[in-house]
Amino acid sequence: MKMRNTAVVAALTVALGLGIASTQGASKVSIWTDFKGGELAWFTAAAKAFEATPAAKGAKLELTSVILGETRDKFIQAAPKGEGPDLIATIPHDQIGEFVTAGVLEPMTKYLDAKTKSDTQASAIDAFNYKGKLFGLPMWSEAVAVVYNKKLIKSIPSNWEAFIAAAQKLTNPEKQEFGFLAPIGIQYHMNGIYRAFGAYVFGKNKDGSLNPQDIGLATEGAVKAAQTINDLRFKYKLIPEGTENPDLEKDLFTKGKVAMWLTGPWDMSAVKDAKIDYGIGLLPKPTGATKPWSPFIGVRGLVMNAYSKNKDVAAAFAQYLISKESQISLNQEGGRLPISKSALAQLKGDPTVKGFGAASAAGIAMPNIAEMGSVWGPWGDALNLSIKTANPDFADLHKKAVAAILGAINKK
Amino acid sequence: MATTVRTRSRKKIADGGFFGLGSSTPPEGAAGAALAIGLVLGICFLALALGLLLANGLNAIADAQNWDEPKRYWLLAFTILAMIPILLVAVKVMPWLSNWYYLLPAIVCLLAFTIYPIVLTFYFAFTNYSAINSGEPDSSAQIEVKIINPTTLSVLGGVVAATDLRCETPDCAGRSVAFLDERGSTIKKVLTNIESVSGNTITLASALPAGLEATRLSRVNDIKIVGFSNFSRIFAQASQQLVPIFIWTVEFAVFTTIINVVFGVLLGILINNRRLKFRNVYRSLLFLPWAVPGVISIQMWTKLLDANFGALNRLFGFVGLNPAPWLIDGLWAKAAILLVNLWLGFPYMMTATVGALSAIPDELYEAAEIDGANRWNQTRFITLPMLTAAFTPIILGTFAFNFNNFGIIYLLTGGKPIEAGQLPTAHSTDILLSWGYNTAFLNGIDRGMASAIAVLVAFLTIGISMVNFSVAGVFKEARK
Amino acid sequence: MTSGSGTNSGSGFSWQSIVGWALGAALLVFTVITVRDLASRVLPRSFAVMYPENGGRNVLLGLLGAVILIFLTSYVGKLWGERTRQGRKISYWAIMSDQLTHLFFWIFILVALYPIIFVVSASFDPRNTLTDASLGDTGPLIVQAKVLPSLEGKDFSNYEALFKGVVIAPWQILGLVVFALGIVGIAALWFMVQSNAGKTNASINQNRTRAYWAIAIGLLVFFGTLGPAQFTGDGSLEAKFLLWLRNTFIISTITGVLTVMLTTTVGYAMARLRFPGRFQVLLFFIFVQMFPVFLAAVAIYDLMYRLGLLGSFAGLILAYSGGSIAYGTWIYKGYVESLPPSLEEAALVDGCTRWTAFTRVVLPLSGPMLVFIFLQQFIGTYAEFFLANILLAAGVDNWNIGLGLRSFAQQFTAEYGKFSAAAVLGALPIVALFYGFQQFFVSGSLSGGVKE
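Definitions and cut-offs
- Residues numbered from 1 in each chain as written.
- Chains lettered and ligands numbered in written order.
- Predicted model: local features only at pLDDT ≥ 70, side-chain atom pairs only at ≥ 80, totals over all residues.
- Heavy atoms only, no water.
- Domains from an automatic or database assignment.
- Helix = DSSP H or I, 4+ residues; strand = E, 2+ residues; numbered from the N terminus.
- Buried < 20%, exposed > 50% of the residue type's maximum accessible area, 1.4 Å probe, protein only.
- Contact = heavy atoms within 4.5 Å.
- Buried area = accessible area lost by both parts, 1.4 Å probe.
- Salt bridge = Lys/Arg side-chain N within 4 Å of Asp/Glu carboxyl O.
- Polar contact = N/O pair within 3.5 Å; in protein donor to acceptor, adjacent residues only side chain to side chain.
- Nonpolar A, V, L, I, M, F, W, Y, C, P; charged D, E, K, R; others polar.
- Phe/Tyr/Trp six-rings, centres within 6.5 Å; stacked < 30°, edge-to-face > 60°.
- Axes fitted to C-alpha atoms, helices over the stretch in contact; angles between N-to-C directions.
- Parallel < 35°, antiparallel > 145°, perpendicular 65-115°, else oblique.
- Left-handed = near helix turned anticlockwise from the far one by under 90°.
- Disulfide = S-S within 2.5 Å.
- Arc of directions from axis to C-beta.
- Pairing = 2+ DSSP bridges.
- pLDDT = per-residue confidence, 0-100.

Q: Requested: an account of the domain arrangement of chain C, with residues and values cited.
A: Domain parsing of chain C yields domain 1 (53–158), domain 2 (163–225) and domain 3 (227–440). On a C-alpha basis, the centroid separation for the pair domain 1 of chain C and domain 3 of chain C is 40 Å.

Q: With reference to specific residues and values, describe the environment of A:Leu210.
A: Residue and element names in this part refer to chain A. Turning to its location among the elements, Leu-210 is positioned in strand S10 (residues 210–216). Leu-210 gets classed as partly exposed once you look at its relative accessible area, which sits at 24%. Separated by 157 residues in the primary sequence, Leu-210 and Pro-367 have C-alpha atoms spaced 7.9 Å apart. If near-sequence neighbours (up to four positions away) are discounted, Leu-210 is found in contact with Phe-202, Gly-203, Lys-204, Asn-205, Pro-367 and Ile-369.

Q: So what about the interface of chain B and chain A? Which residues, and what values?
A: On the chain A side, the residues contacting the 50 residues of chain B number 48 residues. Taken together, the two surfaces of chain B and chain A that pack against each other cover about 3,900 Å², and 60% of this comes from carbon and sulfur. Remark: the boundary between chain B and chain A carries two salt bridges. B:Arg72 serves as the salt-bridge partner of A:Glu83, at 3.8 Å between the closest nitrogen and oxygen. Joining chain B to chain A, the criterion identifies six residue pairs in polar contact (both at pLDDT 80 or more). Elements that contribute at least two residues to the side of chain B that touches chain A include exactly helix H3 (74–93), helix H4 (98–101), strand S1 (137–149) and helix H17 (432–442) of chain B.

Q: Give me the interface of chain B and chain C: which residues, what numbers.
A: Between chain B and chain C, the contact holds 124 residues from the first and 133 residues from the second. Interface area lost by chain B to chain C is led by B:Tyr102, B:Arg314 and B:Phe318, which between them contribute 8%. Summed over the shared surface of chain B and chain C, the result is one salt bridge. Of the charged contacts, one joins C:Arg41 and B:Asp329 as a salt bridge, the two residues approaching to 3.0 Å between their closest N and O atoms. Applying the counting criterion to the chain B and chain C interface returns 15 residue pairs in polar contact (both at pLDDT 80 or more). In terms of residues, the side of chain B that touches chain C owes the most to one element, helix H5 (residues 104–124) of chain B, which gives 16 residues. Residues of the side of chain B that touches chain C, tallied by class, amount to 88 nonpolar, 22 polar and 14 charged.

Q: Break down the packing of aromatic side chains for me, citing the residues and quoting the values.
A: Per the counting criterion, the structure on display carries 72 aromatic pairs over all chains. When the centroid spacing of 5.4 Å and the interplanar angle of 85° are considered together, the rings of B:Tyr282 and C:Trp106 count as edge-to-face. Note that B:Tyr282 is positioned in helix H9 (residues 279–286) and C:Trp106 in helix H4 (residues 92–123), a pairing that runs across two chains. Judged by relative accessible area, which is 0%, B:Tyr282 ranks as buried.

Q: Mind laying out the pattern of salt bridges, listing which residues take part and the relevant values?
A: Residues and elements named next belong to chain A. Tallied over the entire structure, the rule returns 30 salt bridges over all chains. Here Lys-311 ties to Glu-106 by a salt bridge, and the two come within 3.4 Å at their closest N and O atoms. Pair noted here: Lys-311 is in helix H12 (residues 311–321) and Glu-106 is in the loop between helix H4 (96–101) and helix H5 (114–119), with a separation of 205 residues, a long-range link. Pair check on accessibility: Lys-311 and Glu-106 agree, each one buried.

Q: Would you mind going over unusual backbone geometry in detail, with residue names and values included?
A: With an omega dihedral of 5°, the bond running from A:Ala89 to A:Thr90 counts as a cis peptide bond. Within the element layout of this structure, A:Thr90 appears in strand S3 (residues 87–92). Note that the residue after B:Lys416, namely B:Pro417, is joined by a cis bond; omega there is -5°. Structurally, B:Pro417 is set in the loop between helix H16 (406–412) and H17. We note that B:Leu327 has phi near 65°; this positive angle belongs to a residue other than glycine. Looking at where B:Leu327 falls in the secondary structure, it is placed in the loop between helix H12 (311–318) and helix H13 (330–358).

Q: So what's going on with the packing of helix H9 (residues 220–234) of chain A against helix H17 (residues 394–410) of chain A? Which residues, and what values?
A: Residues and elements named next belong to chain A. Running from amino to carboxyl end, H9 crosses H17 at an angle of 120°, the nearest separation of the two axes being 9 Å. Of the possible angle classes, the one that applies to H9 and H17 is oblique. Of the two elements, H9 crosses H17, and the hand of that crossing is right-handed. Facing Ala-222, Val-223, Ala-226, Gln-227 and Asn-230 of H9, the residues of H17 in contact are Phe-394, Ala-395 and His-398.

Q: Quick one: what's the story with the environment of C:Tyr114, residue by residue and with numbers?
A: As for its placement among the helices and strands, C:Tyr114 is situated in helix H4. Classification of C:Tyr114 as buried rests on a relative accessible area of 11%. Sequence separation of C:Tyr114 and C:Val147 is 33 residues, and the distance between their C-alpha atoms is 9.9 Å. Aside from chain neighbours lying at most four places away, what touches C:Tyr114 is B:Ala311, C:Ile109, C:Val147 and C:Leu148.

Q: I'd like to hear about the state of the cysteines, residue by residue, with values.
A: All names here are of chain B. If you walk through the whole model with that rule in mind, you get one disulfide over all chains. The disulfide partner of Cys-167 is Cys-172, and the S-S distance across this bridge is 1.9 Å. Because the torsion about its S-S bond is 90°, the bridge between Cys-167 and Cys-172 counts as right-handed. Cys-109 supplies the cysteine sulfur nearest to Cys-44, a cysteine that is in no disulfide, at a spacing of 11 Å.

Q: For the environment of A:Thr228, give the residues involved together with the corresponding values.
A: Residues and elements named next belong to chain A. Along the chain, Thr-228 falls in helix H9. Separated by 61 residues in sequence, Thr-228 and Ala-289 have C-alpha atoms that sit 9.7 Å apart. Setting aside residues up to four positions removed in sequence, Thr-228 forms contacts with Trp-160, Ile-193, Phe-197 and Pro-286.

Q: Can you tell me about helix H7 (residues 160–170) of chain A, naming the residues and giving the values?
A: Residues and elements named next belong to chain A. Looking at H7, one finds that the buried residues are Trp-160, Phe-163, Ile-164, Ala-166 and Ala-167. All buried residues of H7 lie within an arc of 165° about the axis, which places them on one face of the element. For H7, the secondary structure elements touched by its buried residues are strand S8 (178–181), H9 and strand S11 (258–263).

Q: Report on the sheet that holds strand S3 (residues 176–181) of chain B, specifying residues and quantitative values.
A: All names here are of chain B. With antiparallel pairing, the six strands of this closed barrel are ordered in space as S1-S2-S5-S4-S3-S6. Sheet twist, expressed as the mean angle between neighbouring strand axes with direction ignored, is 50°. Examined bridge by bridge, strand S2 (residues 152–155) and strand S5 (residues 201–204) share three bridges and lie antiparallel to one another. Within S5, the position partnered with Ser-154 by the bridge is Thr-201.

Q: For the confidence of the model for chain C, give the residues involved together with the corresponding values.
A: Residues and elements named next belong to chain C. Residue-level pLDDT values for chain C average 83, and 90% of them are 70 or greater. Model confidence for chain C, summarised as mean pLDDT per element, is weakest for helix H1 (residues 2–8) at 41 and strongest for helix H9 (residues 241–272) at 92. In the model, residues 1–11 has pLDDT below 50 throughout and makes 16 contacts with residues more than four positions away in sequence or in other chains. Predicted confidence is poor over residues 448–452, with pLDDT under 50, and the contacts of this stretch with residues over four places away or in other chains come to 15 contacts. Interface confidence in the predicted complex, given as ipTM, is 0.87; pTM for the same model is 0.86.

Q: Let's hear about the domain arrangement of chain A: which residues, and what values?
A: Residues and elements named next belong to chain A. When the domains of chain A are assigned, the result is domain 1 (6–142 + 298–365) and domain 2 (145–294 + 375–411). Computed over C-alpha atoms, the centres of domain 1 and domain 2 are 30 Å apart. Taken together, the contact pairs 15 residues of domain 1 with 18 residues of domain 2. For the pair domain 1 and domain 2, the summed buried area comes to about 1,300 Å², and 66% of that belongs to carbon and sulfur atoms. Here domain 1 is connected to domain 2 by three residue pairs in polar contact (both at pLDDT 80 or more). Residues of the side of domain 1 that touches domain 2, tallied by class, amount to six nonpolar, six polar and three charged.

Q: Any details on the pairing of strand S6 (residues 137–143) of chain A? Residues and values, ideally.
A: All names here are of chain A. Buried residues dominate S6, accounting for seven of its seven residues. As defined by bridge partners, S6 adjoins strand S13 (residues 296–304) across six bridges and the pair is classed as antiparallel. Bridged to Leu-137 within S13 is Leu-302. Strand direction decides the pairing type here: S6 and strand S14 (residues 337–338), joined by two bridges, are antiparallel. Paired with Ser-141 across the bridge in S14 is Leu-337.

Q: Hey, could you go over the packing of H9(B) against H4(C) for me, with residue numbers and the actual values?
A: Between H9(B) and H4(C), the least distance of the axes is 10 Å, while the angle of their chain directions is 20°. It follows from the interaxial angle that H9(B) and H4(C) lie roughly parallel. Taken as a pair, H9(B) and H4(C) cross one another with a handedness that is left-handed. On H4(C), the residues touching B:Tyr282, B:Leu285 and B:Leu286 of H9(B) are C:His102, C:Phe105, C:Trp106, C:Phe108, C:Ile109, C:Ala112 and C:Leu113. Residues that form the contact of H9(B) with H4(C) fall into these classes: nine nonpolar, one polar and no charged.

Encoded structure:
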């Protein structure tokens, strides 16, 4: 009698296992992607087109939509167990250090042919270069710049005082009118100001490699940068509490309520949809800064699973995606900034490419070493505390952040 | 284990049935209990061993015959299949074991899917397990080699093996490394250790499997046992993490319990008024916050509490109050958590109060009225004592539940906001459990440390629950 | 703690009462200090909020007016009542306190349901209302201030977005029809019972059982056969909503059934069988359950990898299976103990074994309890997302409701309407279950069943 019970449990367990576990075929190439909307449709079409080419060797491409925040943990956990995708389209290059040290990325040096290499911006290739090997094929780059509404302001003043004065004149929160908005709590967007004052994330060793023990975020320059950002809110009253949310800023800008807005190419499809007559320019050099404003450049690229069973086909698809033609068609779809020199030359006239291209030229690539993962959190905390009240102890906040970063880096 | 017990005891059958052989009454006392539990565990492990044997056998056959690799979950089926004959034999020999077969499915499930992970977590607490130290090959520390013979490799490309593999010593002695064998239907990791490196010749400590064709040798970032260093790190930073978080965890659990009970009981007493028309309508409407899944309603609240655009601050403005920095200021965020948790919890408390009140017999009040007690004295000497008795287990349960109420913290504030001097894994409203979560999954993915936190939380929780159970009489009832 | 002071003060000044009052006083002082601290931290007036002149004064005056009105109407009511029901004295105090209670409840219900009203209204609003900084310029002041949602310009576009590009097969429509018929049947039976003064009879009960089966079978047909291939939308996240609902439904149903299977035998044995070790095992079950399982998530992940169940629903279901055993066992044990043992004893005398006595006598009697245990587990699993986040395969196709809504909340700050629509639809099944089985949760509330 009890046997029946046991047998039922046994049958159920087996049925569960058989019924639901997934199976893997040999001629499938699985790809994770965080493309959305129109770009996803573009990507799906590209996959279909690739399947028909001889390079696909008859393999089927299996696309899985993931969100960017999900990929890091899932991929690092799943790949060594043989459960990961063959290819990810795409990840930002600052994550590859963590991916590589976790041992999940395949070196892709041999998959970048000489012709493509010579047509690709050197900085984009450098971004995916980790300890002398190429760990991904770069696809596009992005950097923040000031997008302005031509209806409200003709051009961005090239001098900081004039810029502030123009922004102040256009700011009237009571009527939801803003001269200048920026996500001042996000360290990625604010790096341009930090760098203008000489602050840096990692210092460099003699051989040019990054030194994770030299963190330049508590320097005198960093304090001045934090002061400058704080002034935007508390001295010049440009960015009231609550408006540092990028989604909100997008909403306000697309409604024509914002004259100048610090953002990246990812928001341009919304700006175009809203039929705003826009221009793109650089932020002027802040007063007292030693260098011009210089934002982070993020490069997005395709990376391959070290445990992939279909490396040839996956690499062929990656090569197909970074071709000049597909970079151009992706730009037409969403406004991504190509890194192919010939594609850039062809798109010269496009205002988005021109504007963000200039920001990219003024910028610096995000560090891609694994230790970068320990920097974002404490730095963001310090920045957030720096904009909460008027003139807090910036030096102390940043010193504590650097201590936390070093603590996290050195605990291993 | 179980088999040895049985064979040893078979000799004893003649003189009176030790271990209750052949008897349907179990052996008595603590020894009987220990024997029974030992036998049940023995059966489980024996079945697992047989299951492993069968699964490995199948794997070997599949390997030899070049089949696709069998699914790994066959192990579960094999284990259960193996268990059936063992159970049949065991109950023939010791009929009293049949009592335990009622518990067996649950015991098996708990052992496999709860106990095993817990034991593993205790083990991780003493290791440096993290995203980087994951026991996997590191593709950033990789060299090209040629296999000369099963224990000798030759380094290609003129690189220095000790540098590129980031060895701790110049001769790389003991460094664990791996090849990835990519020929089969799945990629196999071939792990090995270096014995020594001289020039561009690497000598391995053990022979590679025959026929391995691989050219890339990777460093393996081992998971190492680090003793108590995770715990000592927790206590070294106690003033920034452990202490403030523990205090807030206790504060949160205590205050949320008090607030919810006070509101719930007041509402319950008010709605229990039998003269009140529409009381069932009120009750049904107030039931709603309980019925909406928390994972949804808490996320609704985050929008309502937005400092600038949230409906709550717009309401504040409407009645002439300045906006509150909900979710932005540490103290206000704590208030917000208590508020939302009240909203989530009051219907339950109200319902429990109505239930407890309706269990008080009317005769008590009638008798009191005859004795001349007024309404206040009736409430004070009948209602409140009866309620207190009914509410003791509820209060304790609420406290214990909220002590580990990760959901509301994670979904409402995510531990935010940040205040000066806080570390990235422990912000203003983080409780112990969310601190562990942040450590394990967000900043640095430090699983060893997170496991150490889990162990601390487990001890605290068990302590609290022991007190709860002894007060609520669970021990007594379970013994019945 | 506060009620402790009340209970013990009956016997004069015992030390407990002194401790109780001291604790109460300390709490009061602490509260006052905290409230003052909170008040000192408020923000300056925000540009996105409307401040009507004398807003606070007007609201207070309104409340005061309502209370005075109640004082007056209560007196009128007393006079009226005494005149119509001659000879009976009606207490003014009782009428007034009842009226005040009504006022209190209406205000309280408005406040308590405000978040839900807000979200339901936002779900019908095609513009995004959340990050819309601008205030309204039409309608009553309270709507202009965006304290109450406006009723203008509502449509179903947010809901349409959730189902964009979903292709439903004919048999699935059939399943939905069966499901809908079941719902209609339940509603019709409910009205029949109501109109019959709350009395039921055998045929009504039989039909109700049929209606429940129709609902269950309809849902099984619909969700059981729904697959990712039927989602042909443009790949936007929100268009996968129905797929998440289907995943959640499959996971929760199987987990619920598994829990019932695992806990009933244990609960029965604990209640009826006496053998050494039983008590220790029950305690062990309870203690194991205290360990916060998701902190062992890394280990569970490892286990599921070893079993080859990573990324499958089966792995997640098995991971959940251990989590509910203690509670279900405890509840079922109590239920069996409340049954008269004579029934089984009679069956045993008739030659039944223990097992057949359990399956033929006790199990058929425990229908409602089994449903309760199933529902508890179903609801608990429905919105769980921490383990799901770790164990389910990557990709939006594999998410459950909790994961989907979480990603909405993270990404859709500016598209609040779609989040609201998904929240409303996602909550609906559970709300329906709660109201449909209200009596279970009401009676279960005293046994310490806190909703997860």
